[in-house]
Amino acid sequence: MSRSLAKIDTSRPSANLTYRSSWLQLSRPMTWTGTIAPVLVGSSLAAGRGPVYPAPFLAMLLAALLVQGATNMLNDYFDVLHGQDREKWAAPGDPGHGRGPAHRTIPTVAGAMFGLAVLLGAWLAVQTGWWVALAGTLGIVVGYFYSAGPRPLSSLGLGEPAAAVFMGPVTTALAFAVQGHRPDGAVLAISLPSALLIASMILSNNIRDIAKDQGFRRTTAIALGRPRALYLLTALLAGSYLWLGAMVAGRLIPWTASWAFLALPLAVRLRHSLRAGAPRSEEMAGMKWAAFHYWAFGLLFAAGLWLGR
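Please read all numbers here as calculations on a predicted model, not as lab measurements.

Viewed as axis vectors pointing N to C, helix H12 (residues 264–273) and helix H14 (residues 286–307) meet at an angle of 165°, and their least axial separation amounts to 9 Å. Regarding the angle of H12 to H14, the classification is roughly antiparallel. Both H12 and H14 take part in a crossing whose hand is left-handed. Within the contact between the two elements, H12 uses Leu 266, Ala 267, Arg 269, Leu 270 and Ser 273 and H14 uses Gly 286, Trp 289, Ala 290, Phe 292, His 293 and Ala 296. Here the contact of H12 with H14 is composed, by residue class, of seven nonpolar, three polar and one charged.

Here we take up a nonpolar patch on the surface. A grouping of Trp 130, Trp 131, Leu 134 and Leu 138 is seen on the molecular surface, where their side chains present a nonpolar patch of about 450 Å² in accessible area. When you line up the elements, Trp 131 lands in helix H6 (residues 130–145). Overall, Trp 131 belongs to the partly exposed group, its relative accessible area being 31%.

A full pass over the atoms with the stated rule returns eight salt bridges. Taking the shortest distance from any N to any O, the salt bridge between Arg 28 and Asp 76 comes out at 3.0 Å. Note that Arg 28 is positioned in the loop between helix H2 (23–26) and helix H3 (33–47) and Asp 76 in helix H4 (residues 54–81), a separation of 48 residues in sequence. Residue class for Arg 28 comes out partly exposed when judged on its relative accessible area of 25%. Residue Asp 76 is classed as buried on the basis of its relative accessible area, which comes to 2%. The residue Asp 76 makes a salt bridge to Lys 88 at a minimum N-O spacing of 3.1 Å. One end of the pair, Asp 76, is in helix H4; the other, Lys 88, is in the loop between H4 and strand E2 (89–90), with 12 residues separating them in the sequence.

A full pass over the atoms with the stated rule returns eight aromatic pairs. Between Tyr 144 and Phe 145, the ring centres sit 4.8 Å apart and the planes meet at 75°, which makes this aromatic pair edge-to-face. These aromatic residues form a ring-pair network of at least three members: Tyr 77, Phe 78, Tyr 144 and Phe 145.

Note on soluble globular proteins: their nonpolar side chains tend to be buried together. Ranked by size, the top nonpolar core spans 50 residues in total, and within it Ile 207, Ile 253, Phe 297 and Phe 301 carry the most contacts. Where this core is concerned, the elements lending two or more residues are H3, helix H7 (159–177), helix H8 (185–208), helix H10 (220–224), helix H11 (226–249), H12 and H14. Sort the elements by how many residues they give to this core and H8 lands first, with 12 residues. Beyond its immediate chain neighbours, meaning those up to four positions away, Ile 207 contacts Ala 221, Arg 226, Ala 229, Leu 230, Leu 233 and Leu 274. Ranked by size, the runner-up nonpolar core spans 38 residues in total, among them Ala 59, Val 67, Ala 125 and Ile 140.

Within the chain, Arg 28 stands out as a residue other than glycine whose phi angle is a positive 55°. Positioned with a positive phi, Arg 251 is a non-glycine residue whose angle comes to about 60°. In this structure, Arg 251 sits in the loop between H11 and H12.

Attention shifts here to H7. Helix length check: H7 (19 residues) gives 26 Å between terminal C-alpha atoms against 27 Å at 1.5 Å per residue, within 8%. Most pronounced at Val 170, the bend in H7 amounts to some 30°. Along H7, 14 of the 19 residues are buried, which leaves the element largely enclosed by surrounding structure.

This part takes up the packing of H4 against helix H5 (residues 106–128). Look at H4 against H5: their axes get within 9 Å of each other, and the N-to-C directions meet at 155°. With respect to their mutual orientation, H4 and H5 come out roughly antiparallel. Relative to H5, the crossing made by H4 is left-handed. When grouped by side-chain class, the residues that make up the contact of H4 with H5 number 23 nonpolar, two polar and no charged.

Per the UniProt entry, the sites bearing "transmembrane region" (unreviewed entry) are residues 106–124, 130–149, 161–180, 186–207, 228–246 and 291–308 in this numbering. End C-alpha to end C-alpha, residues 291–308 measures 25 Å, and it is 94% helix and 0% strand.

Criteria and thresholds
Residues numbered from 1 in each chain as written. Predicted model: local features only at pLDDT ≥ 70, side-chain atom pairs only at ≥ 80, totals over all residues. Heavy atoms only, no water. Axes fitted to C-alpha atoms, helices over the stretch in contact; angles between N-to-C directions. Helix = DSSP H or I, 4+ residues; strand = E, 2+ residues; numbered from the N terminus. Parallel < 35°, antiparallel > 145°, perpendicular 65-115°, else oblique. Left-handed = near helix turned anticlockwise from the far one by under 90°. Contact = heavy atoms within 4.5 Å. Nonpolar A, V, L, I, M, F, W, Y, C, P; charged D, E, K, R; others polar. Patch = residues over 30% accessible without salt bridge, like charges linked within 9 Å, V, L, I, M, F, W, Y side chains within 5 Å. Areas by Shrake-Rupley, 256 points an atom, 1.4 Å probe, with all protein chains shown as cover. Salt bridge = Lys/Arg side-chain N within 4 Å of Asp/Glu carboxyl O. Buried < 20%, exposed > 50% of the residue type's maximum accessible area, 1.4 Å probe, protein only. Phe/Tyr/Trp six-rings, centres within 6.5 Å; stacked < 30°, edge-to-face > 60°. Core = buried A, V, L, I, M, F, W, Y, C linked by side-chain atoms within 4.5 Å. Expected span 1.5 Å × (residues − 1). Bend = angle between axes of the 7 residues up to and from the residue. UniProt positions renumbered as here; feature names shortened; annotations may be inferred.

This is how it looks when you write it as structure tokens:
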């Protein structure tokens, strides 16, 4: 994959660009909770049914982070090819040129990350079952086409549903399965908050970027329009807490999982930052609040599941 990706930009001016920050920032660590939370949640559920083995847990977590990090890198790679976010990159002669990752090297690095994830997935599949390899492969394909191709998923309004499926039920089920358990309805139910919250992160980003994305892609926020996109964001955030409350009330999960309600002020802060008439500085901070919110909710939820198992 990395070899075919690398052919895309060899003759373009973008081949001389370098990122203004580090490889770590290019992988967007603030969004990693989208992978970490469902792995922790799936593993916590598994802990209630038997021992949790460190090797499969770490392999699953690393593979998922590699796929997410590579997807994030490719998103910036293709964005600049499409004429977006040029300010993130330095051309020859610009201050800071040459200090960060070179644009032309990103496909190779992302391809290597996907390749390592495939190796880890193959090992997990040998330990668990062939369907683990199939699900992991589909996750990589979706991660690649999220940004790549003439009609990437992010430009078709499919970014939120694709992430919700693969960073919600799929990742949670895989983390549960690699511990030797067959996924069931409880796994699907417990993965719903992760699905809703990763969708809320992407939607927050797309609401913030409506003006920038016009003419380049048709995101969910653009298709709905800002007012209705904000209603959808509110529904996603509220739905995660309502479902959490329903699971606790129905005794599907221990009461300690309700610790995640402590993240509610961050959800309110996120929604407030994107309100109608909000200053641009607050809108720009919206994605930061979305990330903080999911970190808090995800870690508290997983910890509550683990300690209450």
